[in-house]
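As a plain string of letters, each chain reads:
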Amino acid sequence: MTAQTDTTPSTGSCCSPAGSCHHGAADVQIEQADSVTAVYQVKGMTCGHCEGAVSEEISGIAGVTSVAAVASTGLVTVTSKAPLAEDAVRAAVDEAGYELLGPAA
């Protein structure tokens, strides 16, 4: 019997070197209220699974009401009840296995 393993390429992506992936859940929405929206640049996302992993981790930050990650642009739009500490966003992105480059210009 042969065991098949998935490895993460050195680019930080969860996908194969060809960019293929088996999962996808890009947007996480919790609730909308009076809110603040920030857009961040994230390095290493290549597919829907990457988008979902980043969105899931960021949505765990207290006060976040929605997250929309787009692998093709590397942009992650975060809506929250109050401005977020960049360190908290960086930690969430790191936990997902990607690199936060900072706020999008």
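Everything quoted here is computed from the prediction, not taken from an experiment.

Parameters and conventions
Residues numbered from 1 in each chain as written. Predicted model: local features only at pLDDT ≥ 70, side-chain atom pairs only at ≥ 80, totals over all residues. Heavy atoms only, no water. Helix = DSSP H or I, 4+ residues; strand = E, 2+ residues; numbered from the N terminus. Buried < 20%, exposed > 50% of the residue type's maximum accessible area, 1.4 Å probe, protein only. Areas by Shrake-Rupley, 256 points an atom, 1.4 Å probe, with all protein chains shown as cover. Polar contact = N/O pair within 3.5 Å; in protein donor to acceptor, adjacent residues only side chain to side chain. Contact = heavy atoms within 4.5 Å. Pairing = 2+ DSSP bridges. pLDDT = per-residue confidence, 0-100.

Q: Can you help me understand the overall build of the chain in this one?
A: A count of helices and strands for the chain gives two helices and five strands. From first element to last, N terminus to C terminus, the chain shows the α and β order β-β-α-β-β-α-β. Residues counted as buried form 34% of the 105 residues belonging to the chain. Surface summary for the chain: the accessible area is close to 6,200 Å², and the carbon and sulfur share equals 50%.

Q: Sorry, what's going on with the side chain of T79 here?
A: Within the element layout of this structure, T79 appears in strand 4 (residues 75-80). Only 3.5 Å separates the side chain of T79 from the side chain of T37, close enough to count as a polar contact.

Q: So what exactly am I meant to see when it comes to the environment of V93 here?
A: As for its placement among the helices and strands, V93 is situated in helix 2 (residues 86-96). Distance in space between the C-alpha atoms of V93 and V54 is 5.8 Å, their sequence separation being 39 residues. Residues contacting V93, with those up to four places away along its chain left out, are V42, V54, I58, Y98, E99 and L100.

Q: Would you explain the pairing of strand 4 in this entry?
A: Both faces of the sheet carry side chains from a regular strand, because those side chains alternate between them. In terms of strand pairing, strand 2 (residues 36-43) meets strand 4 through six bridges, oriented antiparallel. In the strand pairing of strand 4, V39 is matched with T77. Looking at chain direction, strand 3 (residues 64-70) and strand 4 are connected through six bridges and run antiparallel. Note on strand 4: the bridge partner recorded for V70 is L75. Linking strand 3 back to strand 4 in an antiparallel pair, the connection comprises four residues, with G74 at a positive phi of about 75 degrees.

Q: How should the side chain of S55 be read in this particular structure?
A: Along the chain, S55 falls in helix 1 (residues 48-59). By relative accessible area, S55 is classed as buried at 0%. A distance of 2.9 Å separates the side chain of S55 from the backbone oxygen of E51, its partner in a polar contact.

Q: Is there a simple way to think about the confidence of the model for the chain in this case?
A: Predicted coordinates in areas of low pLDDT are best not read in detail. Averaged over every residue, the pLDDT of the chain is 82; residues scoring 70 or more account for 69%. Low pLDDT (under 50) marks residues 2-11, which in the prediction has seven contacts with non-local residues, meaning those over four places away or in another chain. In this model residues 22-26 is a low-confidence stretch, pLDDT under 50, and it forms 14 contacts with partners more than four residues away in sequence or in other chains.

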